[in-house]
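# Residue-level structure breakdown
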Amino acid sequence: MLTELSIRDFAIIDQISINFKEGLTVLTGETGAGKSIIIDAIQLLSGGRGSVEYVRHGMKKAEIEGLFTVESDHPVHQKGNQFGVDITDDGMVVLHRTITHQGKSICRVNGKLVTLGILKEFGHTLIDIHSQHETQSLMDPDRHIELLDLFASSDLETSMNEYRSVFENYRSLLKRYKELSENEQEMAQRLDLLEFQLRELQAAELKPKEDEELTEERNKLMNYEKIYQGINDAYNSLYGEQKGLDWLSHAMTSVESISDYDDRLSKMSEELSNSYYVIEEMTFELSSQMAELEFDPERLNQIESRLNELNRLMKKYGASVEEMLEYASRIEEEIDEIQNKDSHLSKMEKQMNELGQDAVVEAKNIHDIRSRASDILSEYIHEELKGLYLEKASFAVDIQLKEGRSNDPEIDGIPVHLQSNGFDIVKFLITTNPGEPLKEIHKIASGGEMSRIMLALKTIFSRHQGVTSVIFDEVDTGVSGRVAQSIAEKIHGISVGSQVLCISHLPQVAAMADTHLRIEKRVDNDRTFTGVTELKYEEKADELSRMMTGAELTETTLEHARELLKLAEKHKHHQL
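Residues numbered from 1 in each chain as written. Predicted model: local features only at pLDDT ≥ 70, side-chain atom pairs only at ≥ 80, totals over all residues. Heavy atoms only, no water.

Here the structure, examined in full by the defined rule, presents 28 salt bridges. Salt-bridge contacts for Glu-200 lead to Arg-312; the nearest nitrogen and oxygen are separated by 3.0 Å. Separated by 112 residues along the polypeptide, Glu-200 in helix α6 (residues 184–203) and Arg-312 in helix α11 (residues 297–317) bring together distant segments of the chain. A relative accessible area of 15% means that Glu-200 is categorised as buried. Note that Arg-264 and Asp-262 form a salt bridge whose closest N and O atoms lie 3.7 Å from each other. Using a relative accessible area of 26% as the deciding quantity, one classes Asp-262 as partly exposed. (Salt bridge = Lys/Arg side-chain N within 4 Å of Asp/Glu carboxyl O. Helix = DSSP H or I, 4+ residues; strand = E, 2+ residues; numbered from the N terminus. Buried < 20%, exposed > 50% of the residue type's maximum accessible area, 1.4 Å probe, protein only.)

Pasting the structure below:
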């Protein structure tokens, strides 16, 4: 959830810090008080487009910072791993954005500088913003397949993984087939390059681990004097009269002479004896190494020359001799593939046909799961629409095959275009008037109907999306009466599974708030300032009364406001 939002020098806000709580938070206030400015700030925090106009007049920069708390399994952890951003064990994520008076944006996630694109990736994982005037993801036809898959995720996961495994192999083979078959001139140039590289690697006569062995030998030759001096000192310290080995022999003999009198002395005698013979063997080894040591400056020159040659090749073909040998093996196969192109193409064509048909079988399984899920989703949506007094509306999920070209894999004789998520095109269709044909959901015109349809969809999908905070910016525009009450109940229903922040002009929605914040504007010394106040029960009643009648409060409207609050509490209690 969004725990805290800090805004400084943003539009008419000089400095403000808002603590948010779980459940439904409703922001109300007079038009122009700054309600939408707060939502604008959150939208910028989630990667929205910035403008120098957002910087408060006379200031050098505007700053927005949001603190989010997430569970250990929240998708934002995957984003952190993907972009190298540390997310603490306590699940705190801080998004920060600065917009300068020159129009530049500086973005940070948990203190790390990131691009605006990366900030957007994090923001969309944490925040889902809906407004009356923007194109929503729920209304975007290109997103409908994602939403259907999200709804059917538990049934789809295994089948989708199996399909993608086959599809990636098919796509990789298809890419290689095109490269090999389409550009003769490019292939000829590629062959010349590979043959040159292979000749150069073969001429080098590389041997496994040659670079490591030569480096070790060079280090010995370069440090010959130190090595010889060290071995010589060690040998002289151990061997000879009155040297270490002689004294160790004396100690061994002394302990051995008294070992019969004590078991501990007997054990000590045995250990001393073993140590003596180990060190004696080591002394012989030191003597042998001294005899073998030989400084050969010519050999050192040869090693340096060979290592230089290997390093030159490593810059082109790999970081070690092993990597260069592996590269040589790969290009040898590619050369054979290009030289015998026709036979390889024939073989690849057969493999592609087999993989393509395997992918079609897996995609058909996904198609069937989606078809079953779409029927269930349609039933759920119809139920939600009934609760929003759109009982005569009709909703359907249209699933069509994306047709391919003649050489694409076929299903029932029809070529299909395979994508990373199958071969389906998914569209949400709706009509709100009986007798009218179903149309794509983004083409419906009425603002009030659009609000209700969006809420119906959001009520279903919010259970699956895992977004930390859902924000509604005046989505209840154009509705009133019993429809307003149903919208209020739906919005609160969404807040049971997700934190919801809502700007509203409807008293029914405000009454349903778990936390009610009033946004107020004041003028001091010819400058405009915005403030936020969390309302208590009686203050809530006053605010609801103003929302019903304007600035003037009457006992009747206050009573009505209190009644609304009581009904809201009753509904929330029943919901639990």
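Read on for the rest.
Relative to each other, helix α5 (residues 153–182) and helix α13 (residues 341–387) sit at 155 degrees, their axes nearing to 8 Å. With respect to each other, α5 and α13 are oriented roughly antiparallel. In terms of crossing hand, the pair formed by α5 and α13 is left-handed. A class-by-class count of the residues in the contact of α5 with α13 yields 17 nonpolar, seven polar and eight charged. (Axes fitted to C-alpha atoms, helices over the stretch in contact; angles between N-to-C directions. Parallel < 35°, antiparallel > 145°, perpendicular 65-115°, else oblique. Left-handed = near helix turned anticlockwise from the far one by under 90°. Nonpolar A, V, L, I, M, F, W, Y, C, P; charged D, E, K, R; others polar.)

Taking 1.5 Å as the rise per residue, α11 with 21 residues should run 30 Å; its terminal C-alpha atoms sit 30 Å apart, in good agreement. Of the positions making up α11, those classed as buried are Leu-300, Ile-303, Leu-307, Leu-310, Leu-313, Met-314 and Tyr-317. Projected down its long axis, α11 carries its buried residues within an arc of 150 degrees, all on one side. The exposed set on the far side of α11, more than 90 degrees from its buried face, consists of Asn-308 and Lys-315. (Expected span 1.5 Å × (residues − 1). Arc of directions from axis to C-beta.)

Strand order in the open sheet formed by six strands is β2-β1-β4-β5-β6-β7, and the pairing between neighbours is antiparallel. Looking at which strands have only one partner, the edges of the open sheet turn out to be β2 (13–19) and β7 (112–114). Each adjacent strand pair in this sheet contributes to an overall mean axis angle of 15 degrees, direction not counted. Direction of pairing for strand β6 (residues 105–109) relative to β7: antiparallel, over a ladder of three bridges. Residue pairing in the sheet places Cys-107 in a bridge with Val-114 of β7. (Pairing = 2+ DSSP bridges.)

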